[in-house]
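# Structure assessment
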Amino acid sequence: MLTSPRLPAALVPACREGEGTATKFVMSHPRAPALTTVPQTQGQISAPKVPKKTGPRCSTAVATVLKNQKSGPAVPAQKPGTAAAPPKLGGKKPSKRPAWDLKGQLCDLNAELKCCREKTQTLDQENQQLRSQLREAQQQATALGIERRTLEGELARVQAQAEQSQQELGNLSTHVLELEERLGTQEGLVQELQKEQLGFQEERRRLATLLEEQERRLQASEAALSGSQAEVASLRQEAAAQAALLAERGERLHGLEMERRRLHNQLQELKGNIRVFCRVRPVLPGEPTPPPGFLLFPSGPGGPSDPPTHLSLFRSDERRGTLSGAPAPPTRHDFSFDRIFPPGSGQDEVFEEIAMLVQSALDGYPVCIFAYGQTGSGKTFTMEGGPGADPQEEGLIPRALRHLFSVAQELSGQGWTYSFVASYVEIYNETVRDLLATGTRKAQGGECEIRRAGPGSEELTVTNARYVPVSCEKEVEALLYLARQNRAVARTAQNERSSRSHSVFQLQISGEHAGRGLQCGAPLNLVDLAGSERLDPGLALGPGERERLRETQAINSSLSTLGLVIMALSNKESHVPYRNSKLTYLLQNSLGGSAKMLMFVNISPLEENISESLNSLRFASKVNQCVIGTAQPNRK
């Protein structure tokens, strides 16, 4: 099959004229028949794009290409797949040879072949001419592209220079405006300065007049100075007398403060160095109401206005009966304490009764306050308060520290300075644990031991325990919250969440009067004892019950030791068994003759807890009967 090569569809690049308008020149060439097959890639050649450029050089190149293209012979196109027609001889159509004239047909074919070869040679020559023209056009396009890029670079440089010149011109204009504005400002300043100069000249004349007047007054003052000097000497003598009077009154005030402390201590001693208060908690929601007459609070000697000091508890025993078969009358148990707080007593009323005792710690007397009773009787509520943020439910610990901070602030006006260091530990199964441990200290769980502060020192410290300086109520609240999270608790038969350890809050108080060289120091111990309930001998012991049994045994053992220590101190025995319990060993400096002790016995108002309530009241009565010697302040 014969195919004709495709000539380039466009050989002339678009030329730029005027404001960027492009005109394209397209040159086409008719297809010519050929005897050889030409690949499509060689038969179709696209002219390279020549950069746009204005001027006569572009039009000249286009005219040259068009001229060379028109000079070549035009060969009519022939459809693919058709054979070339035989040449016409003499303008007449040759007659068809018969089929038997093979020699004639061969001659016709040879003549036609010769004609096709001539046409092929002609087309090859034309193709070579077109290729040479194409190379020339490409060379011209390359040269034009280079020239265009050169001109574009020059144009960009000229434009950059123009922009830079424009920017410089703008800067110069702005600078000229600034200079004109500054000039106007300077002119205004010059005018203001001239006005000020005139004002200063007027002021100078006025001051000169005033100076003359002051000189006259100075002369008069010098005359009066001699009289004033005598008055000053008199005033100095009066000031010296006032200073002596002030020193005398300071001495008197100090003497009155010392007398106040002595009388305060004497009042506390008259009340007893060991005092026992009884507090009956109210009936909680969901608990059965006790029968009428179960608990009675007889009035004091002064009538109903006096605080109650006696408690009567009635106990009925169904197992007892009379000879007639009727139930026996209830048994009455009477108890007497220094003060009894009925169920309606609030936290503020309880603290008001011990506020003077707490203040004794500032005077240098060791003070120890216990909360004793069975589980669920309100010991922790009495010491720490309720779980909420209600200020009416604050316990003795936050109220005591607030009171100490307030009194210390008042005494600072008399020259006293106080510092407070707090610690909070618990004694669980005769093991001392730090309730203020945090972070790595809490994770390590280092064992705490009770040791003396130094050789020959009577002060006791707990190793591996935190001692935190405190100076405000917020710091104390944070310590109480942390201790409440760390304390050992468990569920018991009497309480859903019962404290199974003794918690001891210790506040070391140090006071100093720098002007008189006086120092005093004493600890304040606020102790929340664990539940004092007895063991049930008929209790079936499972794994959890055995753990509760071991806890109860340790609690009752330490409480028994506390009772023995108090009895030994009361009887003036030579040996006091402090070391029989970690609790008494830690508190031994706050239990002896130089200390003041107060015990709250907390009882439940429910009839079902009457057995444990009687045991707690009997133990508290024994403590109340003890008398310890006169307390001595720790002063240096």
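If you check an unreviewed UniProt entry, the protein chain appears there as Kinesin-like protein from Pteropus alecto. According to its UniProt record, the protein chain has this under Subunit (unreviewed entry): "Binds NUBP1 and NUBP2. Interacts with PPP1R42." As stated in UniProt under Function (unreviewed entry), the record for the protein chain gives "Minus end-directed microtubule-dependent motor required for bipolar spindle formation. May contribute to movement of early endocytic vesicles. Regulates cilium formation and structure."

### A look at the nonpolar core
Of all hydrophobic cores here, the largest spans 51 residues; its most connected members are Cys278, Phe370, Leu591 and Leu617. When residues of this core are assigned to their parent elements, the largest contribution, seven residues, is made by helix α9 (residues 543-570). Those residues in contact with Cys278, other than ones at most four positions away along the chain, are Leu311, Phe337, Arg339, Ile340, Phe341, Val601, Ile603 and Leu617. Counting residues in hydrophobic clusters, the runner-up holds 45 residues, among them Ile354, Leu362, Leu396 and Ile397.

### Some thoughts on the UniProt feature "binding site: ATP" (unreviewed entry) in the protein chain
The UniProt record marks Gly373, Gln374, Thr375, Gly376, Ser377, Gly378, Lys379 and Thr380 with the feature "binding site: ATP" (unreviewed entry), using the residue numbering of this structure. By the secondary structure assignment, Gly373 is in strand β8 (residues 367-373). In this structure, Gly373 is in contact with Lys379, Ala530, Gly531, Ser532, Asn602 and Ser616, ignoring residues within four places of it in sequence. Position of Ser377 relative to the elements: it lies in the loop between β8 and α5 (379-383). Non-local contacts of Ser377, meaning those with residues more than four positions away in its chain, are made with Arg281, Asn602, Ile603 and Ser604.

### A closer look at unusual backbone geometry
One non-glycine residue with positive phi stands out, namely Asn429, at about 55 degrees. One can find Asn429 in the loop between β9 (416-428) and β10 (431-434). With a phi close to 60 degrees, Glu430 is a non-glycine residue in the positive phi region. Tracing the backbone through its elements, the reader meets Glu430 in the loop between β9 and β10.

Here is what the cut-offs are and how they apply
- Residues numbered from 1 in each chain as written.
- Predicted model: local features only at pLDDT ≥ 70, side-chain atom pairs only at ≥ 80, totals over all residues.
- Heavy atoms only, no water.
- UniProt positions renumbered as here; feature names shortened; annotations may be inferred.
- Core = buried A, V, L, I, M, F, W, Y, C linked by side-chain atoms within 4.5 Å.
- Buried < 20%, exposed > 50% of the residue type's maximum accessible area, 1.4 Å probe, protein only.
- Helix = DSSP H or I, 4+ residues; strand = E, 2+ residues; numbered from the N terminus.
- Contact = heavy atoms within 4.5 Å.

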